[in-house]
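In case you want the letters, here they are:
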Amino acid sequence: MPTLYHSPMSTASRFVRLILAEYGFQTDLVEEQPWERRREFLALNPAGTLPVYLDDNMRSLSGPYVLAEFLDETHGVLKRDRRLLAEDPFQRAEIRRLTEWFLQKMENDVTRPLVRERVYKLQMTAAQGGGPPDSKLLRTARNNIRQHIKYLEWLAGSRTWLAGDRLSYADLAAAASVSVLDYLGEINWLEAPIAKEWYQRVKSRPSFRPFLSERIPRLAPSSHYADLDF
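Structural notes, computed from the coordinates.

Relative to the elements of secondary structure, Ser7 occurs in the loop between strand 1 (3-6) and helix 1 (11-22). When its relative accessible area of 3% is taken as the criterion, Ser7 is described as buried. At 3.2 Å, the side chain of Ser7 and the side chain of Tyr120 are in polar contact. Once you skip the residues sitting within four places of it in the chain, Ser7 turns out to touch Ser13, Glu32, Leu50 and Tyr120.

The N-to-C vectors of helix 3 (residues 64-74) and helix 4 (residues 89-123) enclose an angle of 145°; their axes lie 11 Å apart at closest approach. Of the two possible hands of crossing, helix 3 and helix 4 adopt the one that is right-handed. Seen from helix 3, the contacting residues are Pro64, Tyr65 and Glu69; seen from helix 4, they are Arg96, Thr99, Glu100, Leu103 and Gln104. Its residues assigned to classes, the contact of helix 3 with helix 4 shows 3 nonpolar, 2 polar and 3 charged.

A few words now on the environment of Leu152. In this structure, Leu152 sits in helix 5 (residues 135-158). Sequence separation between Leu152 and Ala170 is 18 residues, and the spatial gap between their C-alpha atoms is 11 Å. Dropping the residues within four chain positions of it, Leu152 is found in contact with Phe102, Leu162, Ala174, Val178, Ala195 and Trp198.

Here we take up the pairing of strand 2 (residues 28-31). Sheet faces and side chains relate simply in a regular strand, where the side chains alternate between the two faces. Inspection of the sheet shows strand 1 paired to strand 2 by 4 bridges, in the parallel sense. Residue His6 lies in a different strand from strand 2, and its bridge partner there is Glu31. In this region the chain leaves strand 1, passes through helix 1 and returns to the parallel neighbour strand 2; the handedness of that crossover is right-handed.

Moving on to the sheet that holds strand 2. Taken in spatial order, the 4 strands make up an open sheet running 2-1-3-4, and their pairing is mixed. The two strands at the open ends of the sheet, each matched to only one other strand, are strand 2 and strand 4 (60-62). Ignoring which end each strand starts from, the neighbouring axes of this sheet average 20° apart. Here helix 1 sits on the sheet and contacts strand 1 and strand 2; the angle it forms with strand 1, its principal contact strand, is near 155°.

Let's shift gears to empty space enclosed by the protein. Under the definition given, this model contains 1 cavity of 30 Å³ or more. Of the pockets and cavities examined, the largest cavity occupies roughly 30 Å³. If you trace the largest cavity, you find it lined by Arg118, Val119, Leu122, Gln123, Ile216, Pro217, Arg218 and Leu219.

Per the stated rule, a full pass over the model turns up 17 salt bridges. Between Arg38 and Glu40 there is a salt bridge, with its nearest N and O atoms 3.4 Å apart. Using a relative accessible area of 28% as the deciding quantity, one classes Arg38 as partly exposed. Given a relative accessible area of 53%, Glu40 falls into the exposed group. The salt bridge partner of Glu94 is Arg159, with a shortest N-O separation of 2.9 Å. Here Glu94, found in helix 4, pairs with Arg159, found in the loop between helix 5 and helix 6 (169-183); they are 65 residues apart in sequence, far enough to count as distant. Connected through shared salt-bridge partners, Glu32, Arg38 and Glu40 make up one network.

Turning our eyes to something else, we now look at the packing of helix 6 against helix 7 (residues 193-203). Each packed pair of helices is defined by two parameters, the angle between the axes and the distance between the axes. Where helix 6 contacts helix 7, the two axes come as close as 10 Å, and the packing angle between them is 100°. Relative to helix 7, the element helix 6 lies roughly perpendicular. Residues Asp171, Ala174, Ala175, Val178, Ser179 and Asp182 of helix 6 form the contact with helix 7, whose participating residues are Trp198, Tyr199, Val202 and Lys203. Classifying every residue of the contact of helix 6 with helix 7 gives 6 nonpolar, 1 polar and 3 charged.

This part takes up the layout of surface pockets. Space inside the largest pocket adds up to approximately 530 Å³. Around the largest pocket, the lining comprises 22 residues; the ones closest to its centre are Ser10, Leu50, Glu107, Arg112 and Tyr120. Those elements giving two or more residues to the lining of the largest pocket turn out to be helix 1, helix 3 and helix 4. What the second largest pocket holds in volume is close to 200 Å³. Looking at the second largest pocket, the residues that line it are Arg142, Ile145, Arg146, Ile149, Lys150, Glu153, Glu186, Ile187, Asn188, Glu191 and Ala192. Partitioned by chemical class, the residues of the lining of the second largest pocket number 4 nonpolar, 1 polar and 6 charged.

Basis of the calculations
Residues numbered from 1 in each chain as written. Predicted model: local features only at pLDDT ≥ 70, side-chain atom pairs only at ≥ 80, totals over all residues. Heavy atoms only, no water. Helix = DSSP H or I, 4+ residues; strand = E, 2+ residues; numbered from the N terminus. Buried < 20%, exposed > 50% of the residue type's maximum accessible area, 1.4 Å probe, protein only. Polar contact = N/O pair within 3.5 Å; in protein donor to acceptor, adjacent residues only side chain to side chain. Contact = heavy atoms within 4.5 Å. Axes fitted to C-alpha atoms, helices over the stretch in contact; angles between N-to-C directions. Left-handed = near helix turned anticlockwise from the far one by under 90°. Nonpolar A, V, L, I, M, F, W, Y, C, P; charged D, E, K, R; others polar. Pairing = 2+ DSSP bridges. Right-handed = clockwise from strand over helix to strand, strands pointing away. 1 Å grid on protein atoms, 1.4 Å probe; cavity = no way out; pocket = protein on both sides within 12 Å on 5 of 7 lines; lining within 4 Å. Points joined across faces, edges and corners; volume = space filled by probe spheres on them. Salt bridge = Lys/Arg side-chain N within 4 Å of Asp/Glu carboxyl O. Parallel < 35°, antiparallel > 145°, perpendicular 65-115°, else oblique.

As structure tokens, then:
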């Protein structure tokens, strides 16, 4: 069976896991701590980033964009109305634009610094960069959350799904990012009722259920994280 190297609090890893689950594609999950920079893992992906997919022939593919395109070409094209990339080129471009927004811009502005300061640094040794969180970085990331959630609120309020009439990679990328922040209790859902309703729809899908039972050592989820009607 293929293997996916991932981290539970990695937005990119969650995104690819959601795609795999939506397409009914099974893999063995291996949790990887990228800061450890294991020699065996770097042999699969010299960049040391997640996720990394290893097929049955021991061929590896790395990164969320590469894997998303690969899965669309090998599985998505056969799914018809369940395909996560649209057939129309302009619509595909919009899906890719929003996917990049959540996996890159929101990741850089909000998710990555919050996860590093609140989660990863607790698991790292001092030599690896571990230690107490940087309050300035936390404050900056938290200040950025509101603008991103406002944009998500606008998208969810103006379209059936974030990029159009069907569930797409854009929704899965956004849900992957939002779910990490939701686990940490960083989102004020009272300020974003439409985004909350969209998130609830994604959260209720079978592909999302494994995340609801996952727990991070020494870090309990927010009180409503696993609630399907919060």
